[in-house]
Every structure is written in C-alpha cells, then in structure tokens.
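A closer look at the structure
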Amino acid sequence: MKKILLVLIVFLGVTACKTNPFTGKKMLNFYGNKQIFPMAFAQYDQFLGENAVVENTAESRMITKVGQRISSAAERWLSANGYEGYLKDYQWEYNLVNDETVNAWCMPGGKIVFYTGILPITQTETGVAVVMGHEVAHALADHGAQRMSAGTLQQLGAVAGNVAIQDPQKRNMFNQAYGLGSTLGIMLPFSRGHETEADRIGLQIMAIAGYNPDEAAELWKRMKANSGGEAPPEFMSTHPSNDTRIQNLTEWAPLARQEAAKFGVLKFE
C-alpha cells in the first residue's frame, strides 16, 4: 500500500503537466477541461440562481462589455502566439451580483462574477478592466484546476504519511507538522504565485484590449486604502500584500504597453 501511494504521487506529479502559454512554464494539472468545466458551469448556474444578479443596468452592461473586450484580446494573443483553439471549451460569462463584498471571482472555463461592492473601488471602466483582466487570467492559466491538483497531492501525501507511520503518537505529530508545513510552505505560496501570475497576465491582456495598464497600480492603492491596513502577514495569506502588488504592477506596466504595441494598440482608455 505504501509503495502504491508513493508511486501514484510521483506519477501524478511528473505526468500531469501542461504548458502555460503566457509564461512558458509547466503547470501541475491533472484535471482536464472536460472534467472540470461542466462542474464549474453547474456550480456557477447554481450560484446565480441563489443570488441577486443585476441585469439591464449601465453597470451590468459595462461588466459584460469589459469582459468581452478582454477575453477577445486574450484570444488575439493566443492565436498570434500559436495557441489557436486554446479557448474552444471556454464559455465566457460575466455577471454583476448585488452584494456589498469588495470582490470578484472566476470559475474554470470563464465564468466570472463581480460584486457591486467592488465598483466604488474600481471607479471607472478602466478600473473594472484591471480586475477583469486578473479574473480572465485565472481562467486562461487553469488556476482552479491547478489548485485542485495541488490539493489532491497534499491529501495523498497525508495519506501516505499515515499509512507509513504505525505509532499513534508519531502519527499525530506528523499530521500536525504536515498540515502546517504543507499549508505555509507549499499551498499558500502556490496560491500567491497564482495571484501574481494573474496580475501579470491580466495587465498584459487589458493593455491589448486598449485599457491603460498604469491604472492597475492605482486601483491597488485604492484597495489598500479601503482595507485600512488590515491584512495578515504575506506568508500567511493566499494573496500577495497590497504593497507587493502595487510595486509589481508599476514595474510591469511599461512591458504591457510594449506587448500591446505588437497588436497596434498605442492609445489607451
């Protein structure tokens, strides 16, 4: 049993990789689109049925408009870089939900929700584009499937340890150490890496869509002010700190402009 578990962990970790077209890096992902997308679509529809979706308003139409522009820009980039058909299984959808939470999120396959609570922070269409680019990037980079894959490996590691350790006291010590160590040392950095990656990809595609990438750092300055400085230390968080994001986005904005110029985009909203 122990050997089988170890072989399975190694096999999944080695074979379940595909390349992120935006970074060129290998991604840990053993959940294919045909597995994960139908589940995500069903959960998204259920969420919409249980929440107050805002329809036929200027704000809801803006959310859809920005989402369409950015997903189209992503498709342009992918086609120009040899990834035609990459988005064939995606079903993009953008909805605004009446909720005071300052948040937006994306499910695998392109299902995106903005809460009305984030609109006072985004302030403008370009501000919405910053957030939308980030959420679209999560979908493009299969971050949801990657998190599921990492979670599965974490669970298999725990099972392997419990099978291997016979002494109950040592097993209990292992579980405590493994839970904390794998979370702080692997899972949280993994999540922060995804957020940073989505920031960078999102900045690039919002620029290709014609939105000013300089606005991204400004948006996160407003997010920082809105938080009142209340945030856990970065190493204990799923997200980079506001200061880290502001610094990164400021540094990357000129690179996003350069990428947009390759597509003839020289002026920005």
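As a starting point, this report considers the structure included with it. Computed from a predicted structure; not experimentally measured.

1. Let's talk about the pattern of salt bridges
Summed over all chains, the structure comprises twelve salt bridges. Linking Glu125 and Arg69 is a salt bridge whose minimum nitrogen-to-oxygen distance equals 3.6 Å. One end of the pair, Glu125, is in helix α5 (residues 125–140); the other, Arg69, is in helix α3 (residues 58–80), and 56 residues separate them in sequence. Exposure remark for Glu125: the relative accessible area of 18% places this residue in the buried category. Residue class for Arg69 comes out partly exposed when judged on its relative accessible area of 23%. A salt bridge links Lys262 to Glu259; the shortest N-O distance between them is 3.1 Å. For Lys262, a relative accessible area of 63% corresponds to the exposed category. In this structure Glu259 comes out as buried when scored by relative accessible area, which is 14%. The structure contains a network of salt bridges with shared partners spanning Lys65, Arg69, Glu125 and Glu269.

2. A word on the sheet that holds strand β3 (residues 53–54)
Spatial strand order, β3-β4-β6-β5: four strands in an open sheet with mixed pairing. Each edge of the sheet is formed by a strand with only one pairing partner; in this case those strands are β3 and β5 (104–107). Examined bridge by bridge, β3 and strand β4 (residues 93–97) share two bridges and lie antiparallel to one another. Residue pairing in the sheet places Val54 in a bridge with Leu96 of β4. Running over the sheet, helix α2 (residues 33–50) touches β3, β4, β5 and β6 (111–115) and is turned about 30° from β6.

3. Some remarks on α2
For α2, spanning 18 residues, the distance from its first C-alpha to its last is 25 Å, which sits close to the expected 26 Å at 1.5 Å a residue. Those residues of α2 lying buried are Asn33, Ile36, Phe37, Ala40, Phe41, Tyr44, Phe47 and Leu48. Projected onto a plane normal to the axis of α2, the buried residues spread over an arc of 135° and lie on a single side. Among the exposed residues of α2, those oriented more than 90 degrees off its buried face are Lys34, Gly49 and Glu50.

4. Re the packing of α3 against α5
Where α3 meets α5, the closest approach of the two axes is 9 Å, and the angle between their N-to-C directions is 50°. Comparing the axis directions of α3 and α5 gives the class oblique. In terms of crossing hand, the pair formed by α3 and α5 is right-handed. Mapping the contact onto sequence places Met62, Ile63, Lys65, Val66, Gly67, Arg69, Ile70, Ala74 and Leu78 in α3 and Glu125, Val128, Ala129, Met132, Gly133, Val136 and Leu140 in α5. Of the residues belonging to the contact of α3 with α5, the class tally is eleven nonpolar, two polar and three charged.

5. Let's talk about the nonpolar core
Ranked by internal contacts, the top residues of the largest apolar core, which has 59 residues, are Ile63, Val66, Ile70, Phe114, Met132 and Leu140. The element best represented in this core is α5, accounting for nine residues. Not counting residues within four places of it along the chain, the set of residues in contact with Ile70 comprises Ala129, Met132, Gly133, Val136, Ile205, Met206, Ala209 and Tyr211. Residues Tyr44, Phe47, Leu48 and Trp105 belong to the second largest nonpolar core, which totals nine residues.

6. Focus: α3
The terminal C-alpha atoms of α3 lie 33 Å apart, and with 23 residues this matches the ideal 33 Å at 1.5 Å per residue to within 8%. Of the positions making up α3, those classed as buried are Ser60, Met62, Ile63, Val66, Gly67, Ile70, Ser71, Ala73, Ala74, Trp77 and Leu78. Just past α3, the residue Gly82 takes up positive phi, approximately 85°.

7. What to know about the environment of Phe263
One can find Phe263 in the segment after α9 (242–261). Since its relative accessible area comes to 18%, Phe263 is described here as buried. Considering only alpha carbons, one finds Phe263 and Trp77, 186 residues apart in sequence, at a separation of 8.4 Å. Here Phe263 is in contact with Arg76, Trp77, Ala80 and Ile208, once residues within four sequence places are set aside.

Cut-off values and rules
Residues numbered from 1 in each chain as written. Predicted model: local features only at pLDDT ≥ 70, side-chain atom pairs only at ≥ 80, totals over all residues. Heavy atoms only, no water. Salt bridge = Lys/Arg side-chain N within 4 Å of Asp/Glu carboxyl O. Helix = DSSP H or I, 4+ residues; strand = E, 2+ residues; numbered from the N terminus. Buried < 20%, exposed > 50% of the residue type's maximum accessible area, 1.4 Å probe, protein only. Pairing = 2+ DSSP bridges. Contact = heavy atoms within 4.5 Å. Axes fitted to C-alpha atoms, helices over the stretch in contact; angles between N-to-C directions. Expected span 1.5 Å × (residues − 1). Arc of directions from axis to C-beta. Parallel < 35°, antiparallel > 145°, perpendicular 65-115°, else oblique. Left-handed = near helix turned anticlockwise from the far one by under 90°. Nonpolar A, V, L, I, M, F, W, Y, C, P; charged D, E, K, R; others polar. Core = buried A, V, L, I, M, F, W, Y, C linked by side-chain atoms within 4.5 Å.

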